[in-house]
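# Chains, contacts and geometry: an overview
The chain contents come next:
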Amino acid sequence: MAHVLAAAEPLTLLKRPPPQNDGFGDDNGSTEEKAPKARRRESDPAAALAAARHEFGEHGGVNMSIEASATFTVMEPDTMRRLFTGELGPERGDLYIYSRHFNPTVLALGRQMAALEGTEAAYCTASGMSAISCVLMQLVGAGGHVVASRCLYGGTHALLSRFLPRTSGVQATFVDADDEAAVRAAIRPGETRVVYVETMSNPTLAVADIPMLARVAHEAGAKLVVDNTFTPVVVSPARLGADVVVHSVSKFISGGADIIAGAICGPASLVNSMMDLQDGALMLLGPTMNAKVASELAARLPHLPLRMQEHSRRAAEFAARMRRQGLRVTYPGLPDHPHHARLRAMGNPGYGAGGMLCLDMGTEERANRLMYHLQNTTQFGLMAVSLGYYDTLMSCSGNSTSSEMDPEDRARAGISPGLIRMSVGYNGTLEQRWAQFERALALMQQQDTPAAAAKYGKAV
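Note that the structure is a prediction, hence the values are computed from the model and not measured.

## Considerations on the sheet that holds strand β10 (residues 382-383)
With mixed pairing, 5 strands are arranged side by side in an open sheet as β8-β9-β12-β11-β10. Lying at the two open borders of the sheet, with one neighbouring strand each, are β8 (328-330) and β10. Across the sheet, helix α11 (residues 304-324) lies against β8, β9 (356-360) and β12 (419-423), angled at about 20° from β9, the strand it touches most.

## Here we look at the layout of surface pockets
In this structure, the largest pocket encloses a volume near 470 Å³. Along the wall of the largest pocket there are 21 residues; nearest its centre are Glu67, Asp94, Tyr96, Pro104 and Thr105. When grouped by side-chain class, the residues that make up the lining of the largest pocket number 11 nonpolar, 4 polar and 6 charged.

## A few points about the UniProt feature "modified residue: N6-(pyridoxal phosphate)lysine" (unreviewed entry) in the protein chain
Using the residue numbers shown here, the UniProt feature "modified residue: N6-(pyridoxal phosphate)lysine" (unreviewed entry) corresponds to Lys251. Checked against the element boundaries, Lys251 lands in the loop between β6 (244-248) and β7 (262-266). Under the relative-accessibility criterion, Lys251 is labelled buried at 18%. Dropping the residues within four chain positions of it, Lys251 is found in contact with Thr229, Ser386, Leu387 and Gly388.

## Overview of the packing of aromatic side chains
For the coordinates displayed, the defined rule picks out 7 aromatic pairs. Linked through ring pairs, Phe318, Phe380, Trp434 and Phe437 together constitute an aromatic cluster.

## Thoughts on the pairing of β9
Across the 5 residues that make up β9, a large majority, 5, are buried. Burial of the side chains of β9 extends over both faces: Met356, Cys358 and Asp360 are buried on one face and Leu357 and Leu359 on the other. Here 5 bridges tie β9 to β12, and the two strands are oriented antiparallel to one another. Bridge pairing links Met356 to Ser423 in β12.

## A closer look at the nonpolar core
Membership of the largest hydrophobic core comes to 88 residues, with the highest contact counts inside it found for Leu224 and Met322. A domain split of this core shows at least three residues from each of domain 1 (46-54 + 63-301) and domain 2 (304-447). Ignoring anything within four residues of it in the chain, the contact list for Leu224 reads Val195, Val197, Ile210, Leu213, Ala214, Ala217, Ala242, Asp243 and Val244. Membership of the second largest hydrophobic core comes to 34 residues, among which are Leu107, Leu159, Tyr196 and Val271.

## Details of empty space enclosed by the protein
Evaluated as defined, the whole model comprises 3 cavities of 30 Å³ or more. Along its surface, the second largest cavity is lined by 12 residues, and Phe102, Asn103, Val106, Leu107 and Tyr123 are the ones closest to its centre. Listing elements by their share of the lining of the second largest cavity, those giving two or more residues are α3 (104-117) and β1 (121-125). Tallying contributions element by element places β1 first for the lining of the second largest cavity, with 3 residues. Split by residue class, the lining of the second largest cavity holds 8 nonpolar, 4 polar and no charged.

## Some points on unusual backbone geometry
Excluding glycine, residues mostly carry a negative phi; peptide bonds, for their part, are mostly trans. A cis geometry characterises the amide bond from Asn202 onward to Pro203, with omega recorded as 10°. Structurally, Pro203 is set in the loop between β4 (192-198) and α7 (210-219). The backbone of Gln379 sits at a positive phi, close to 60°, despite the residue not being glycine. Within the secondary structure layout, Gln379 lies in the loop between α13 (364-377) and β10. The exposure class assigned to Gln379 is partly exposed, which follows from its relative accessible area of 45%.

What counts and what doesn't
Residues numbered from 1 in each chain as written. Predicted model: local features only at pLDDT ≥ 70, side-chain atom pairs only at ≥ 80, totals over all residues. Heavy atoms only, no water. Pairing = 2+ DSSP bridges. Helix = DSSP H or I, 4+ residues; strand = E, 2+ residues; numbered from the N terminus. Contact = heavy atoms within 4.5 Å. Axes fitted to C-alpha atoms, helices over the stretch in contact; angles between N-to-C directions. 1 Å grid on protein atoms, 1.4 Å probe; cavity = no way out; pocket = protein on both sides within 12 Å on 5 of 7 lines; lining within 4 Å. Points joined across faces, edges and corners; volume = space filled by probe spheres on them. Nonpolar A, V, L, I, M, F, W, Y, C, P; charged D, E, K, R; others polar. UniProt positions renumbered as here; feature names shortened; annotations may be inferred. Buried < 20%, exposed > 50% of the residue type's maximum accessible area, 1.4 Å probe, protein only. Phe/Tyr/Trp six-rings, centres within 6.5 Å; stacked < 30°, edge-to-face > 60°. Core = buried A, V, L, I, M, F, W, Y, C linked by side-chain atoms within 4.5 Å. Domains from an automatic or database assignment.

Shown next as structure tokens:
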């Protein structure tokens, strides 16, 4: 059973791909039927979301209904057989079998995600890590090879460096993804199946050269998979050459720090292969999104562009003011960021440089002291992992979200002990929040030892 998930288009059925097909219909196998060409896609993500098919409620409600059923009935016995052979399905007869296959509410969210990222299809999962894991297992296969950026979210790094090598013999080579020669040198002809990067690296905020990486990957017969969790709306990797885009939907897309979810955006043929009854990673591992979660997210996606604009505006202003204070701040929207021009060239106009910034306080002890005052003394933000919340979230990456990495790997990735990753929120007024930051910074600096004060100085 293989059903295509298409954005803003009627769903089309594809036959089950041949064994070991990665779903792209290229050298690794080909599908027997082709999906119809999609209409011209909007280049602005907000416009694309607005143009996507709107799902009304069962009784005409402006919001879609929640289909909470795990299983679905049929009126005729033979219909069940035809569903399992793929003759019937969501797009042919509006028929469903079981919500691990497809669920109408989750399917509708998938159409929205495909519209957002400008891909032919999307499938929504129970978490970001389930999306990443399933894509890599489907595309790479046992004994395959991945070239990955050396600076990745700690969970992804652990998946590639430990879990997949142990469970399926996958090998990963971590490189400076900004160095084209290093990426090319790491590729193993005939073995490398995937080049994997984050649009904006977690936590160092390096911006990947997606067009270059897509060119290098495709010349080697590999696929470029991009994690766009930090920059939804800001950058559209698929429009720049990425084959697959993955998200932790829990972050900016959700916006409420109350949902765990993920998404895979790419060709319909890939989603088909991942939903195959015999060897599809999504079908057999079952990272199924709950329909109630899908309904919540579908209601939040329309205002994601507005939220990202304000996240970006606040982060840009805070970064500029921190720089004027003499602090070591990293933000791709600052002109002196090494990838500032790259992000401007790749980004969607009007959405800024994202809501993430990094502040290097030199030592873990100084970082912890500053975060303590920011949360407990001035109420600037919250010490918590994750990102994309309406309040500012901050954590010391080396001992939290990047702690899965060995100290040597963290050093190579540029993750210093005193690095604070900050997801800038938008509640309160900007001036209110800045005054809280300045007060916390002054309190932290008053507690510096003479040696630390001499080394790091005072805010100006």
